[in-house]
Amino acid sequence: MKKKARIAIVDDEEIVRESLAGWLQMDGYEVDQASSAEAALELLKARRYNIIFLDIKMPGMDGIELLGHLQQDDPELAVVMITAFGSIDTAVLAMKRGAHDYLLKPFDPAEISVLIERIIGHQKLAEENEILKEQVQSRQRLESLVSGSAAMEKVFELILSVAETDTSVLITGETGTGKGLVAKAIHAQSPRAACPFIAVNCGAFTEHLLESELFGHEKGAFTGAVHLRKGRFELAQGGTLFLDEVGEVGMKMQIDLLKVLDEKHFYRVGGSQRIDLDFRVIAATNRNLAQAISEGSFRQDLFYRLNVIAIHVPPLRERKEDIPILAKHFLKRFARELNKPVDKISREAFDEMMLHDWPGNVRELENAIERSVVIGQGREIGATSLPFYQQEQAYVPQDRSIQEMEKAHIIEVLEDLSWNITRSAALLGIDRVTLYNRIKKYGLKKPSDQ
Ligand SMILES: Nc1ncnc2c1ncn2[C@@H]1O[C@H](COP(=O)(O)OP(=O)(O)OP(=O)(O)O)[C@@H](O)[C@H]1O
Ligand SMILES: [Mg+2]
């Protein structure tokens, strides 16, 4: 809305259109005219307007009916009804149905100017509000990127250095490592921070739905396309487009995607109007794209286009120093959100967490702490409330595995030395009594005794 607003006038009387258009043009607005509701719909297919002046009584489709259509197509469009003194009731009805205001015939040019400025001021405010909301959210997101490890320190440095630029970034890492947060952090630190951050989970759509999600579609482009819909490309204007799970994009869409990223313009599905784009692209994947390329399921050219800068987010098990910091961070958050007086994690619980392998990474840790806060009693989180506690006891029987090794080793030595107890004990570094005890404990038998 940096340029002066674009306005359409819909009225069947030419003299009304011409006089209104004359004043608006003198005020510096771009104005188009339509002599019927049907003609207006055609105009609206070609371009967007900030304001529409709409006559109520027209042959064919009347203003009230057109109002309904307009609101479905573009809820941000401000509609001002044009009405004669005798039909103010209808104008009021139109306002109940969402018209912005009404204008009485004959027109007062001063009144029109004030009205338009008020509407445009309104639209600007709404837009700025959106941007502010987005800014506050991105700032919160950055603060929520918690870490104390050297490995993540490197990731932070990369975030800061790429944020300044407009280059494509490909974020790799296992599920739940924080790739989404990294993408948001890059955007929040970038000069585009005041514009939208638009994420698309490419894995969540079929090829056809992904197409309309990204490109948007014109009204009637296919069965079910009842309204015009802006795609994610368009919504990301000025900001950042985050292609999450980009490894899941099908081969055909990969071609289309590459084309848009190269040419920086596109057409809505079913549309003929070229839309120029200005956004930065960040992609993420937990798939091994190099392997996908060699298997023929991912295009190499698209990979190069996305992977100008690569950021790898290491799995949690490779940065265990982060576990206590993250655990405390999540504990604080869930205690507050769930309104529970928990503020400590027991020594044993920490030990369990440090031993655990975290296949689900930070997300798993987040869920584990949430669960512990929910089921926990008292101020402290104990080891037993961790979801993997029981499992780990059963699956990683460390005591027994050492014993198993000891048993196997003793058998080996005894057999090598033909069950000579004195020499075996000496080789094992234990005294004979201890060796006898082990033989008894493990139920070992000399082959000849069996
Ligand atoms: N460093 C961090 N500090 C705080 N929270 C984090 C951190 N890393 C990850 N998280 C949290 O862990 C969860 C998983 O993070 P995110 O969704 O960014 O992971 P992802 O790598 O995108 O996972 P997926 O591959 O499954 O999409 C989120 O709730 C996120 O807020
Ligand atoms: Mg993610």
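Calculation criteria
Residues numbered from 1 in each chain as written. Chains lettered and ligands numbered in written order. Predicted model: local features only at pLDDT ≥ 70, side-chain atom pairs only at ≥ 80, totals over all residues. Heavy atoms only, no water. Domains from an automatic or database assignment. Pairing = 2+ DSSP bridges. Helix = DSSP H or I, 4+ residues; strand = E, 2+ residues; numbered from the N terminus. Axes fitted to C-alpha atoms, helices over the stretch in contact; angles between N-to-C directions. Buried < 20%, exposed > 50% of the residue type's maximum accessible area, 1.4 Å probe, protein only. Lys, Arg positive; Asp, Glu negative; His and termini not counted. Salt bridge = Lys/Arg side-chain N within 4 Å of Asp/Glu carboxyl O. Polar contact = N/O pair within 3.5 Å; in protein donor to acceptor, adjacent residues only side chain to side chain. Contact = heavy atoms within 4.5 Å. Parallel < 35°, antiparallel > 145°, perpendicular 65-115°, else oblique. Left-handed = near helix turned anticlockwise from the far one by under 90°. Nonpolar A, V, L, I, M, F, W, Y, C, P; charged D, E, K, R; others polar.

J.: Looking at this structure, I do not really get the domain arrangement of the protein chain. What am I missing?
T.: The extent of an interface is frequently quoted as the accessible surface area lost upon association of the parts. For the protein chain, the assigned domains read domain 1 (6-124), domain 2 (144-312), domain 3 (317-395) and domain 4 (398-449). Its C-alpha centre places domain 3 at a distance of 41 Å from the equivalent point of domain 4.

J.: Would you explain the sheet that holds strand S13 (residues 280-285) in this entry?
T.: Across the sheet, five strands lie side by side as S7-S10-S13-S6-S14; this open sheet has parallel pairing. The open sheet has two edge strands, strand S7 (197-201) and strand S14 (309-312), and neither has a second partner. Adjacent strand axes in the sheet meet at a mean angle of 20 degrees when their direction is disregarded. When strand S6 (residues 169-172) meets S13, the two strands line up parallel, connected through four bridges. Opposite Val169, over in S13, you have Ile282 as the bridge partner.

J.: Would you take a moment to explain the side chain of Glu364 for this structure?
T.: Within the secondary structure, Glu364 sits in helix H15 (residues 361-375). Comment: no salt bridge for buried Glu364; closest opposite-charge side chain is Arg317, at 8.1 Å. Polar side-chain contacts of Glu364 include one of 2.8 Å to the side chain of His356. Of the polar contacts made by the side chain of Glu364, one reaches the backbone nitrogen of Gly360; its length is 2.8 Å. Sequence-distant contacts of Glu364, that is, excluding residues within four places in its chain, are made with His356, Trp358, Pro359 and Phe388.

J.: Honestly, the packing of helix H2 (residues 37-46) against helix H3 (residues 63-73) in this entry has me stumped. Any pointers?
T.: For any two helices packed against each other, one specifies the crossing angle of their axes together with the interaxial distance. Packing of H2 against H3 leaves a shortest axis separation of 10 Å and a crossing angle of 15 degrees. Comparing their axes, H3 and H2 come out roughly parallel. Crossing geometry of H2 relative to H3 is assigned as right-handed. Taken together, the residues of H3 that come into contact with H2 (itself represented by Ala37, Ala40, Leu41 and Leu44) are Leu66, His69 and Leu70. Grouping the constituent residues of the contact of H2 with H3 by class yields six nonpolar, one polar and no charged.

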